[in-house]
Amino acid sequence: DFEIIGLVLDAICLRIASRIKSMGSWNLALSTKLEDLLAPNTPPHLEQLACEAISRTMQPEYTICVATIGALASQKAFAEYAVHELQQLYRNVICLIYDNTIVTLYGGTEHHGSGTPMPRTSMADRLFEFFGSHSMICGLSDSFTDPKETRCHYRQALLTARLALKLGRSSSTTFSDL
């Protein structure tokens, strides 16, 4: 009886290990696609492939959250931790480190921006809480439906985070709040 239980437990451990490994590959693949959409010099055919991958993975309305990080090794190490933690906590986000920022893309939000205030969606609140618990300010873009607009909305979120820091805001904010 104990031998059978041991064999079943070994099989379960192998199954879990392979799932965790494939999740890492999935996150890495989508992070690469997000990076392709953020980079200004991505060839059009790779940008199109990235848009298709994001569209298949997430539902519009998309929103981008950006938290700035410094250049110190400890800040970069925390950023690696934060990306890993966010990917483990939330399955509906694509998260990466890009140009000294932590960029998080998520979908399925309500429309907000251009005079429409952002409803406090659970994901925005979770991200604000996550970064706030680490004394970080993040900026949130307006929502958008076309993944080709990712770069523009990244700049919105980045500008929002930088302005919030410069203005001495004590909490994260949205582009439409500025």
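Rules and cut-offs
Residues numbered from 1 in each chain as written. Predicted model: local features only at pLDDT ≥ 70, side-chain atom pairs only at ≥ 80, totals over all residues. Heavy atoms only, no water. Helix = DSSP H or I, 4+ residues; strand = E, 2+ residues; numbered from the N terminus. Expected span 1.5 Å × (residues − 1). Buried < 20%, exposed > 50% of the residue type's maximum accessible area, 1.4 Å probe, protein only. Polar contact = N/O pair within 3.5 Å; in protein donor to acceptor, adjacent residues only side chain to side chain. Contact = heavy atoms within 4.5 Å. Phe/Tyr/Trp six-rings, centres within 6.5 Å; stacked < 30°, edge-to-face > 60°. Disulfide = S-S within 2.5 Å. Patch = residues over 30% accessible without salt bridge, like charges linked within 9 Å, V, L, I, M, F, W, Y side chains within 5 Å. Areas by Shrake-Rupley, 256 points an atom, 1.4 Å probe, with all protein chains shown as cover. Salt bridge = Lys/Arg side-chain N within 4 Å of Asp/Glu carboxyl O. Pairing = 2+ DSSP bridges. Axes fitted to C-alpha atoms, helices over the stretch in contact; angles between N-to-C directions. Left-handed = near helix turned anticlockwise from the far one by under 90°. Nonpolar A, V, L, I, M, F, W, Y, C, P; charged D, E, K, R; others polar. Arc of directions from axis to C-beta.

Can you walk me through helix 5 (residues 150–166) in this structure?
Residues separated by three or four positions in an α-helix point in the same direction, a consequence of the helix having 3.6 residues per turn. Under the 1.5 Å per step criterion, the end-to-end length of helix 5 is 24 Å for 17 residues, consistent within 8% with the ideal 24 Å. What helix 5 keeps buried is the set Thr150, Arg151, His153, Tyr154, Gln156, Ala157, Leu158, Thr160, Ala161 and Ala164. Two residues or fewer past helix 5, glycine 168 is found with a positive phi of approximately 75°.

Looking at this model, I keep getting lost on the side chain of threonine 101. Mind explaining?
Here threonine 101 shows up in strand 3 (residues 101–106). Looking at threonine 101, its side chain comes within polar contact range of the side chain of tyrosine 154, at 3.5 Å. Not counting residues within four places of it along the chain, the set of residues in contact with threonine 101 comprises Val66, Ala67, Thr68, Ile69, Leu96, Tyr154 and Leu158.

Can you help me understand the packing of aromatic side chains in this one?
Each pair of aromatic rings is reported with the distance of its centres and the angle of its planes. Tallied over the full model, the rule gives 4 aromatic pairs. Residues tyrosine 98 and tyrosine 154 carry aromatic rings whose centres are separated by 5.5 Å and whose planes lie at 80° to one another, so their mutual orientation is edge-to-face. On the criterion of sequence distance, the pair formed by tyrosine 98 in strand 2 (residues 93–98) and tyrosine 154 in helix 5 is long-range, its members being 56 residues apart. Residue tyrosine 98 shares its accessibility class with tyrosine 154, and that shared class is buried.

Explanation requested: the state of the cysteines in the structure shown.
Note on terminology: disulfide describes a covalent bond linking the sulfur atoms of two cysteines. A complete count under the given rule lists 0 disulfides for this structure. Of the cysteine sulfurs around cysteine 65, a residue in no disulfide, the closest is that of cysteine 138, at 3.5 Å.

Explain the environment of leucine 158 to me, please; I cannot follow it from the model alone.
When you line up the elements, leucine 158 lands in helix 5. Each C-alpha atom of the pair leucine 158 and phenylalanine 175 lies 9.2 Å from the other, and the pair is 17 residues apart in sequence. In contact with leucine 158, not counting residues within four places along its chain, are Val66, Thr68 and Thr101.

I would appreciate a short explanation of a nonpolar patch on the surface in the present structure.
Together, Phe2, Ile4, Ile5, Val8, Leu9 and Ile12 give the surface a local cluster of nonpolar side chains, amounting to about 640 Å² of exposed area. The residue isoleucine 12 is located in helix 1 (residues 2–38) in this model. Here isoleucine 12 falls in the partly exposed class, since its relative accessible area comes to 42%.

Can you help me understand the pairing of strand 3 in this one?
The two faces of a sheet get side chains in turn, since along a regular strand they alternate between them. Most of strand 3 is tucked away, with 6 of its 6 residues classed as buried. Burial along strand 3 is two-sided: the face carrying Thr101, Val103 and Leu105 and the face carrying Ile102, Thr104 and Tyr106 are both buried. Pairing analysis gives 6 bridges linking strand 1 (residues 63–68) to strand 3, with the strands arranged antiparallel. By the bridge assignment, threonine 68 is partnered in strand 3 with threonine 101. By the bridge criterion, 6 bridges tie strand 2 to strand 3 in an arrangement that is antiparallel. Note that in strand 3 the partner of leucine 96 across the bridge is valine 103. Here strand 2 folds back onto strand 3 in antiparallel fashion, the turn holding 2 residues, of which aspartate 99 has a positive phi close to 50°.

So what exactly am I meant to see when it comes to the packing of helix 3 (residues 73–89) against helix 4 (residues 122–132) here?
Relative to each other, helix 3 and helix 4 sit at 145°, their axes nearing to 12 Å. Considering how the two elements wind past one another, helix 3 and helix 4 form a crossing that is right-handed. When helix 3 is examined against helix 4, the residues Ala82, Glu85, Leu86 and Leu89 are found in contact with a partner set consisting of Leu127, Phe130 and Phe131. Classifying every residue of the contact of helix 3 with helix 4 gives 6 nonpolar, no polar and 1 charged.

I keep staring at helix 3 and nothing clicks. Help me out?
Relative to the 24 Å expected for 17 residues at 1.5 Å per residue, helix 3 spans 24 Å between its end C-alpha atoms, a close match to the ideal helical length. Among all positions of helix 3, only Ala79, Ala82, Val83, Leu86 and Gln87 are buried. Across the axial projection of helix 3, the buried residues extend over an arc of 125°, all falling on one side. Across from the buried face of helix 3, at angles greater than 90 degrees, the exposed residues are Ala73, Ser74 and Glu80.

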